[in-house]
Structures are given as structure tokens and as C-alpha cells.
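One letter stands for each residue in the lines below.
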Amino acid sequence: MAALGSPLRTLRGLLRELRHASGRAGRPYRDTPAYQHIVAAFRANRVTSEKLCRAQQELHFQAATYLCLLRSVREHEALHQEYHGRGERSPEEVAGLVGFRLPQQPGGKG
């Protein structure tokens, strides 16, 4: 299994993604059932005196996987908004989209 990092970092990442997702809804993210469930689950699985706590490791793995999903969906939406087809584009706009500039034609024709 790959290293997951600290559970606190995962929790903070999940809450950050919830804040991004609920920002569009116009409602505070702390009032959402998702926030309450995530915080309750992390509080219920705090570090104990046991050397190996399988439930805590499983929760952390699931939380990290869900965090990856939320980030990927948000980044996909951003890329989709940026590169979504808006019909026919001019050659200058297409060149600018991929980072090129069209050459200037002599005589001021371009």
C-alpha cells in the first residue's frame, strides 16, 4: 500500500474540497451532512493505544481515495470549462490556446 500521509492532512483536504463544492451551492459547508459525517467518522477513529488499528487505516484509505475523487472532479470541471468547444474558433484564438502566435504578414495584412 502506498503511503497515505497523515490523517489530519487528509481530513483538511476533504474539508477544503467540501468548501469548494458547497461554495457553488451558497450554503455554509459546515451545515452539510457530508461535513458532519466526515468529522464524526474521523473523531470516532482517532489514534488509540493499539499498535494496529485496522478500522482507522481503512477509514484513512477510503478518505484519501474520496479526496482524490473530489479533487479530480473539480480539476476536470475547470479543464472542461477552459477547453470546452464553443463552436468555430479563429486561427488566432486556436494558436493562442496552444501557446503559439501567428506570424505577421508583410505589408500589414495580418
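Note that the structure is a prediction, hence the values are computed from the model and not measured.

Trainee: How do you make sense of the pattern of salt bridges when you look at a structure like this?
Mentor: Any two side chains of opposite charge can pair if their charged atoms end up close together. Taken as a whole and assessed by the stated rule, the structure comprises 2 salt bridges. A salt bridge links glutamate 17 to arginine 71; its shortest N-O distance comes to 3.9 Å. In this pair, glutamate 17 is assigned in helix H1 (residues 7–23) and arginine 71 in helix H3 (residues 54–83), connecting sequence segments 54 residues apart. Residue classification places glutamate 17 among the buried residues on the basis of a relative accessible area of 3%. Assessed through its relative accessible area of 33%, arginine 71 is described here as partly exposed. Linked through salt bridges whose partners overlap, the residues forming this network are Glu17, Arg71 and Arg74.

Trainee: How should I be thinking about the packing of H1 against helix H2 (residues 33–44) in this particular structure?
Mentor: A pair of packed helices is characterised by two quantities: the angle between their axes and the separation of those axes. H2 packs onto H1 with a crossing angle of 175° between their chain directions and a minimal axis gap of 11 Å. It follows that H1 is roughly antiparallel to H2 by the angle criterion. Mapping the contact onto sequence places Pro7, Leu11, Leu14, Leu15 and Leu18 in H1 and Ala34, Tyr35, Ile38, Val39 and Phe42 in H2. The residue makeup of the contact of H1 with H2, split by class, is 10 nonpolar, no polar and no charged.

Trainee: When you look at a positive patch on the surface in this model, what are you seeing that I'm missing?
Mentor: On the surface, a cluster of positive charge is made up of Arg9, Arg12, Arg16, Arg19 and Arg30. Here arginine 30 is to be found in the loop between H1 and H2.

Trainee: Looking at this structure, how should I read the packing of aromatic side chains?
Mentor: Given two aromatic rings, one states the distance between the centres and the angle between the planes to describe the pair. Across all of its chains, the model carries 1 aromatic pair by this definition. Their ring planes at 90° and their centres at 5.5 Å tell us that tyrosine 29 and tyrosine 35 sit as a pair that is edge-to-face. An identical accessibility class is assigned to tyrosine 29 and tyrosine 35; each is buried.

Trainee: Explain the side chain of serine 22 to me, please; I cannot follow it from the model alone.
Mentor: For serine 22, the location among the structural elements is in helix H1. Judged by relative accessible area, serine 22 falls into the buried class, the value being 11%. Excluding its chain neighbours within four sequence positions, the residues that come into contact with serine 22 are Arg27, Pro28 and Tyr29.

Trainee: Teacher, can you tell me more about the confidence of the model for the chain here?
Mentor: A low pLDDT score tells you not to read the predicted coordinates there in detail. When pLDDT is averaged across the chain, the result is 82; 86% of the residues are at 70 or more. Mean pLDDT values for the elements of the chain range from 84 in helix H4 (residues 91–98) up to 89 in H3.

About the cut-offs
- Position numbers for residues count from 1 along each chain, tracking the sequence in the order it is written.
- Two thresholds apply to this predicted model, a pLDDT of at least 70 for residue-level local features and 80 or more for giving and counting side-chain atom pairs, whereas whole-chain, interface and lining totals are computed over all residues.
- Calculated side-chain values reflect all of the structure's heavy atoms, with hydrogen atoms and water omitted.
- We define a salt bridge as a contact between a side-chain nitrogen of Lys or Arg and a carboxyl oxygen of Asp or Glu at a distance within 4 Å.
- A run of DSSP states H or I qualifies as a helix once it reaches four residues; a run of E qualifies as a strand once it reaches two. Both are numbered from the N-terminal end.
- Only protein chains enter the accessibility calculation, which uses a 1.4 Å probe; a residue is then buried when its area is under 20% of its type maximum, exposed when over 50%, and partly exposed in between.
- Every angle, taken between N-to-C directions, lies between 0 and 180 degrees, and every axis is a line fitted to C-alpha atoms, over only the stretch in contact when it is a helix.
- An angle below 35 degrees is read as roughly parallel, one above 145 as roughly antiparallel, one from 65 to 115 as roughly perpendicular, and any other as oblique.
- By definition in these notes, contact holds between two residues if any of their heavy atoms fall within 4.5 Å.
- We call Asp, Glu, Lys and Arg charged. Ala, Val, Leu, Ile, Met, Phe, Trp, Tyr, Cys and Pro are nonpolar, and the rest, Gly among them, are polar.
- Two distance rules govern patches: like charges are joined within 9 Å, and nonpolar side chains (Val, Leu, Ile, Met, Phe, Trp, Tyr) within 5 Å, applied only to residues with over 30% relative accessible area and no salt bridge.
- Every accessible area reported is derived by Shrake-Rupley at a probe size of 1.4 Å, with residue values counting cover from the shown protein chains alone.
- Charged-residue counts in this description rest on Lys and Arg as positive and Asp and Glu as negative, His and the chain ends being excluded.
- To locate a charge, the coordinates of NZ of Lys, CZ of Arg, CG of Asp or CD of Glu are taken.
- Here a pair means two rings of Phe, Tyr or Trp (six-membered ring of Trp) with centres within 6.5 Å. Their orientation is stacked below 30 degrees between planes, edge-to-face above 60, and tilted elsewhere.
- The predictor attaches a confidence to each residue, and that confidence, scored 0 to 100, is pLDDT.

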